[in-house]
Amino acid sequence: MTEPRRSHWRQTLFFKLSLRLAAVAGLFMMIQVALVVWMYVGSPAELDQLLISAEANRIANAIAARPPGPVPALSNDLLPPVAPRTRRAFVVHDRGGRVIAQHDDRGLAADGAAPASFLVVNTQRETWGDHFLLTGTRRVTIAGKQLWITMAIAGTGFRPFVPIIFNEIRFHVLLPIVLLSILFLLLNFSIVRSTLKPLNTAIAAIDRIDPAAISTRITAPLKSWEVEALIGAVNRLLTRVERLILTLRDFVGNAAHELRTPLAIMMLGIGKLPHDDNRTRLLHDVQGMKRLVDQMLDMAQANALVIEAGAQADLTRIAADVVADLMPLAIARGRTIVFVDEGAEVIHGHAEAIGRALRNVIENGLAHTPPGTAVEVTCGPGRRYAVRDHGPGIPESQRANVVKRFQRLDRRNNDGAGLGLAITLTVMEDHGGRLDIADSPGGGALVCLIFL
Amino acid sequence: MRLLLAEDNARVAALIAEGLGDEGFALDWFGTLGDARHALETIRYDLVLLDLGMPDGDGVAFVRAVRRSQNVTPILVITARSGLDDRVTGLDAGADDYLIKPFEIPELAARCRALLRRPGGCLGTILTVANLEFSSAEHEARVAGHPVRLSPRELALLEYLMRRVGRVVAKASLEEAVYSLASEVTPNALEAVVSRLRRKLADSGAAVTVHTAYGIGYMLSPAAGSAYEPA
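The rules behind the values
Residues numbered from 1 in each chain as written. Chains lettered and ligands numbered in written order. Predicted model: local features only at pLDDT ≥ 70, side-chain atom pairs only at ≥ 80, totals over all residues. Helix = DSSP H or I, 4+ residues; strand = E, 2+ residues; numbered from the N terminus. Buried ≥ 20, exposed ≤ 12 C-beta atoms within 10 Å, placed from the backbone. Contact = placed C-beta atoms within 7 Å. Nonpolar A, V, L, I, M, F, W, Y, C, P; charged D, E, K, R; others polar. Pairing = 2+ DSSP bridges. Axes fitted to C-alpha atoms, helices over the stretch in contact; angles between N-to-C directions. Arc of directions from axis to C-beta. pLDDT = per-residue confidence, 0-100. Parallel < 35°, antiparallel > 145°, perpendicular 65-115°, else oblique. Left-handed = near helix turned anticlockwise from the far one by under 90°. Core = buried A, V, L, I, M, F, W, Y, C linked by C-beta atoms within 7 Å.

Right, let's talk about the overall build of chain B for a bit. Within chain B one finds eight helices and 14 strands. Across the 231 residues in chain B, those meeting the buried criterion constitute 39%. Taking the intrachain contacts of chain B between residues at least 6 apart in sequence as the baseline, contacts between residues at least 24 apart amount to 54%.

Right, here's the structure in full:
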């Protein structure tokens, strides 16, 4: 059986579900980002504060990184502004109101006076036309000392705020959502897998259905509406397939059955013809057709065999009846059948079916044993039959084939359909028995029917 | 010999009637079970040939009904049905023999003869196999018209085998037919009777053979090469 599930992992429900959930997470993230951008664009005051704070933080970091000592002015290239295309000036005061750093930028200077109150943390905006001027004070703590940074930022348009928004998004949206998404996908992995587990169990159960046991139905392994629905659908399909197979079997049986009346007419009609070679040949042909019909019916019946509880089959009696039945045929063909009773048992089984199984083996033997020889039928000891002929035997390589349907060793021989041993095998399997083919010690085939 | 044939297929019925007519049987054909039942109630038949699949009912039920009405006329079922349990069902219902279509007239005729045993006192039957004749009325065997001297046991054996010509008869049935219940049957007694019968038949030129079915019984059939050999 092929396992397409494994080779195409992209086609798995598991993969698709995970992918879709990931896509939903991604979409969610984008919506969140858009929402944040919209929010900030709608409130410039907040952006102003953020820009001042960001600038203050950068300045503070630069001061902290500076080696301790006298206060040199901070050079321009050391401190480019956060926002592009802006000018920015600042003054840093300590608690005592001393200026510890100052920076002017192309004519823009921050208010050199120390903040009126060191508690003040403020942001102001002035706008004229496209231009804006932001001023603000921030309190920072560097190496245990509190410092006040007062700054002015001049620029135009919205562009200077883009990095701020980007930073905001990076720290407050992307990071949490990426972490959440990873967690989400991991959970999803196990949730999806455990949710799909009943489905996998159902697949295994469907795979285990024996094609020969057409009445088999499967049951839901775990409670899950979808899996139960799937199993229900599979079971309904099985019912339809079973009905189809039974119809087909019935059809074969009915067709064979319906053929018997026209065959009877033909046989009786041929019987009226004057005795000559033509009549003999025609009669032989009709008998071949009769055998074919018989075998098709036997096969259909063997396939549908039901052994009732308590059904008894006396192996000795069955064999004696079959041999007695076939003796006239054997004698007419110049052969004979020798019956040897070695004490067979009465078993649980369908006597008529077992009789037909044995009959096919003996007929096979009669077809292959040379004129003047006998087919020896031994019943017992115990639960077995042995049928031996004196023909060429069945080559070892052909033994598996001769029990297949419509298989004949000699295709030129058109006696029967080649169903004989297939019928026997089916009946033996119905009884939990087996059919063994071997060479008999003195040459010829030895076919054993062994019941469990 | 008057036979009733219940068969819905006119062509089959005509061929059977013609074939059995050639074998010396008179046959009345009915196409429905209703007609057949009516005929059986008014006329005494020696044998009923019944097709199970009739248009107006089930043949097995017909057999049961006939038997329930105390009618003991032998019934030979002729059918296309060969289900695993059909034969047993038919015989259990009260049929005397079961023949599956298609068949040849000689086989049907042989089965009819085997069923046409008549109680003693009635007009006897003449059984014929090749050039051998057995008259149950006179209790005599003739080869080509000449009587053959046979002991009562040999005659009983011959009659039994001739009634089942072409079929193997189990030893136990033959012993029952040849020996009364009271008498002791030694294991080889039957073989001895068979061997004496064979010798006498051969001596008188009968074109029949008594075959031994080893381990089972005996079978009488026309000798190979005789004009009566079945195809």
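This is not the end of the story, as more comes after the structure.
Our next topic: the interface of chain B and chain A. Each partner contributes residues to the interface: chain B has 31 residues there, and chain A has 30 residues. Within the residue set of the side of chain B that touches chain A, elements represented by two or more residues are helix H1 (10–22), strand E13 (208–213) and strand E14 (217–222) of chain B. Tallying contributions element by element places H1 of chain B first for the side of chain B that touches chain A, with five residues. Among the residues making up the side of chain B that touches chain A, the classes are represented as 17 nonpolar, nine polar and five charged.

What follows concerns the sheet that holds strand E3 (residues 122–128) of chain A. Sheets are built from strands paired through backbone hydrogen bonds, the pairs being either parallel or antiparallel. All names here are of chain A. Within the open sheet, the five strands sit side by side as E2-E1-E5-E4-E3. Their pairing is antiparallel. Edge positions in the sheet fall to strand E2 (99–103) and E3, since each has one partner strand and no second. Between one strand axis and the next, the sheet turns by 15 degrees as a mean value, whatever way the strands run. Strand direction decides the pairing type here: strand E1 (residues 86–94) and E2, joined by four bridges, are antiparallel. When the sheet's bridge partners are listed, His 93 is paired in E2 with Val 99.

So, on to the environment of Gly 136 of chain A. Within the fold, Gly 136 of chain A resides in strand E4 (residues 131–142). Sequence spacing of Gly 136 of chain A and Gln 49 of chain A is 87 residues, and the spatial spacing of their C-alpha atoms is 8.2 Å.

Before going further, it helps to examine helix H3 (residues 59–68) of chain B. Residues separated by three or four positions in an α-helix point in the same direction, a consequence of the helix having 3.6 residues per turn. All names here are of chain B. Within the span of H3, buried status applies to Gly 59, Val 60, Phe 62, Val 63 and Val 66. The buried residues of H3 occupy an angular sector of 155 degrees when projected down its axis, which confines them to one face. Residues Ala 61 and Arg 68 are exposed on H3 and point more than 90 degrees away from its buried face. On its buried side, H3 packs onto helix H2 (33–42), strand E3 (47–51), strand E4 (53–54), strand E5 (57–58), strand E6 (75–79) and helix H4 (86–93).

Turning our eyes to something else, we now look at the confidence of the model for chain B. All names here are of chain B. Here chain B shows a mean pLDDT of 85. Residues at 70 or above account for 91%. Across chain B, the element-wise mean pLDDT spans from 82 in strand E8 (residues 126–129) up to 93 in E3. The low-confidence segment residues 118–123, where pLDDT is below 50, has two contacts with residues more than four positions distant or belonging to other chains. Reported confidences for the modelled complex are a pTM of 0.62 and an ipTM of 0.75.

Next up on the list: the packing of helix H6 (residues 152–163) of chain B against helix H7 (residues 171–178) of chain B. All names here are of chain B. Where H6 contacts H7, the two axes come as close as 9 Å, and the packing angle between them is 135 degrees. Taken together, the axis directions place H6 and H7 in an arrangement best described as oblique. Of the two possible hands of crossing, H6 and H7 adopt the one that is right-handed. Together, Arg 153, Ala 156, Leu 157 and Tyr 160 of H6 and Leu 174, Ala 177 and Val 178 of H7 make up the contact between the two elements.

Let us now look at the nonpolar core. One recurring pattern in soluble globular proteins: nonpolar side chains tend to sit buried together. Residues and elements named next belong to chain A. In terms of nonpolar packing, the biggest core is built from 118 residues, with Ala 319 and Val 323 touching the most fellow members. The contact partners of Ala 319, leaving out residues within four places of it in the chain, are Phe 339, Leu 358, Val 377, Cys 379 and Tyr 385. Listed in part, the 25 residues of the second largest apolar core include Leu 47, Ala 83, Val 92 and Ile 164.

Let's shift gears to the environment of Cys 112 of chain B. Residue and element names in this part refer to chain B. Topologically, Cys 112 is positioned in helix H5 (residues 105–115). When the 22 C-beta atoms within 10 Å are taken as the criterion, Cys 112 is described as buried. In this structure, Cys 112 is in contact with Phe 25, Leu 47 and Leu 76, ignoring residues within four places of it in sequence.

Attention shifts here to the sheet that holds strand E7 (residues 336–341) of chain A. All names here are of chain A. If you trace the five strands from one edge of the open sheet to the other, you get E7-E9-E10-E12-E11, paired in mixed fashion. On the outer flanks of this sheet lie E7 and strand E11 (434–439), each paired with one strand and no other. Direction aside, neighbouring strands of the sheet carry axes that sit 15 degrees apart on average. Direction of pairing for E7 relative to strand E9 (residues 374–379): parallel, over a ladder of six bridges. The residue of E9 that forms the bridge with Val 338 is Glu 376. Strands E7, E9, strand E10 (384–388) and strand E12 (445–450) of the sheet are contacted by helix H8 (residues 351–368), whose axis makes an angle of about 180 degrees with E12.

All names here are of chain B. Bridge analysis of strand E9 (residues 132–135) against strand E10 (residues 140–143) gives four bridges, and the strand direction is antiparallel. Note on E10: the bridge partner recorded for Phe 134 is Ala 141. The antiparallel hairpin formed by E9 and E10 contains four residues in its connecting segment, where His 139 sits at a positive phi of about 55 degrees. Sheet topology places E10 next to strand E11 (residues 146–148); three bridges connect them, and they run antiparallel. In the sheet register, Val 143 faces E11, and the bridge partner there is His 146.

Residues and elements named next belong to chain B. Put simply, H6 and helix H8 (residues 189–203) touch, their axes get as near as 10 Å, and they point 85 degrees apart. When the interaxial angle is binned, H6 and H8 end up roughly perpendicular. Here H6 contributes Arg 153, Glu 154, Leu 157 and Leu 158 to the contact with H8, which in turn contributes Val 193, Val 194, Arg 196, Leu 197 and Lys 200. For the contact of H6 with H8, the class distribution of residues is five nonpolar, no polar and four charged.

Residues Gly 380 of chain A and Pro 381 of chain A are joined by a peptide bond in cis, for which omega reads -5 degrees. Secondary-structure assignment places Pro 381 of chain A in the loop between E9 and E10. Although it is not a glycine, Gln 70 of chain B sits at a positive phi angle of roughly 65 degrees. Structurally, Gln 70 of chain B is set in the loop between H3 and E6. The backbone of His 139 of chain B shows a phi angle near 55 degrees, a positive value even though the residue is not glycine.

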